[in-house]
Amino acid sequence: MKYTSHHDERIAKMTFASVYPHYLSKVEKKGRTKEELHYVIEWLTGFNTIKIEELIENKMTFELFFQKATLNPNAQLITGVICGYRVEEIKNPLTQQVRYLDKLVDELAKGRKLEKIIRNT
């Protein structure tokens, strides 16, 4: 897939609130829960449920979302392909962080065990 700076800019301006319903729908269709979704989001970002809801309400862009996040030190262990991109090869840090989140949500929806998703070594 062709990778462009326009792609990075589009992701930076996208709001977490616009994507969150898709995350929730995706995991619930596969029998997972909102609590499990929040668990993996908190693992990656440090944001608890109250903060996640606040970020949604404030329509926080992904750029600000990840500026405020405390990224888990094991996030770099997230590998694989999501949306046609190999996450470990993405050069733009923000785009990579958003794809980390996408990858965790995808793994949750595919039924992977939480212990495996959170990559605690």
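Residues numbered from 1 in each chain as written. Predicted model: local features only at pLDDT ≥ 70, side-chain atom pairs only at ≥ 80, totals over all residues. Heavy atoms only, no water.

(A) Spatial organisation of the packing of helix 3 (residues 34–45) against helix 6 (residues 93–109). Taken N-terminus to C-terminus, the directions of helix 3 and helix 6 make an angle of 150°; their axes are 10 Å apart at the nearest point. Judged on the interaxial angle alone, helix 6 and helix 3 are roughly antiparallel. The two elements helix 3 and helix 6 cross, and the hand of that crossing is right-handed. Here helix 3 contributes Glu36, Leu37, Val40, Ile41, Trp43 and Leu44 to the contact with helix 6, which in turn contributes Gln97, Tyr100, Leu101, Leu104, Val105 and Leu108. Grouping the constituent residues of the contact of helix 3 with helix 6 by class yields 10 nonpolar, one polar and one charged. (Axes fitted to C-alpha atoms, helices over the stretch in contact; angles between N-to-C directions. Helix = DSSP H or I, 4+ residues; strand = E, 2+ residues; numbered from the N terminus. Parallel < 35°, antiparallel > 145°, perpendicular 65-115°, else oblique. Left-handed = near helix turned anticlockwise from the far one by under 90°. Contact = heavy atoms within 4.5 Å. Nonpolar A, V, L, I, M, F, W, Y, C, P; charged D, E, K, R; others polar.)

(B) Inspection of helix 1 (residues 5–13) at higher detail. Taken together, the buried positions of helix 1 are His7, Asp8, Ile11 and Ala12. One face of helix 1 carries all of its buried residues, which in axial projection span an arc of 135°. Every exposed residue of helix 1 that faces more than 90 degrees away from the buried side is listed here: His6 and Lys13. Contacts from the buried residues of helix 1 go to helix 5 (62–68), strand 2 (85–86) and helix 6. (Buried < 20%, exposed > 50% of the residue type's maximum accessible area, 1.4 Å probe, protein only. Arc of directions from axis to C-beta.)

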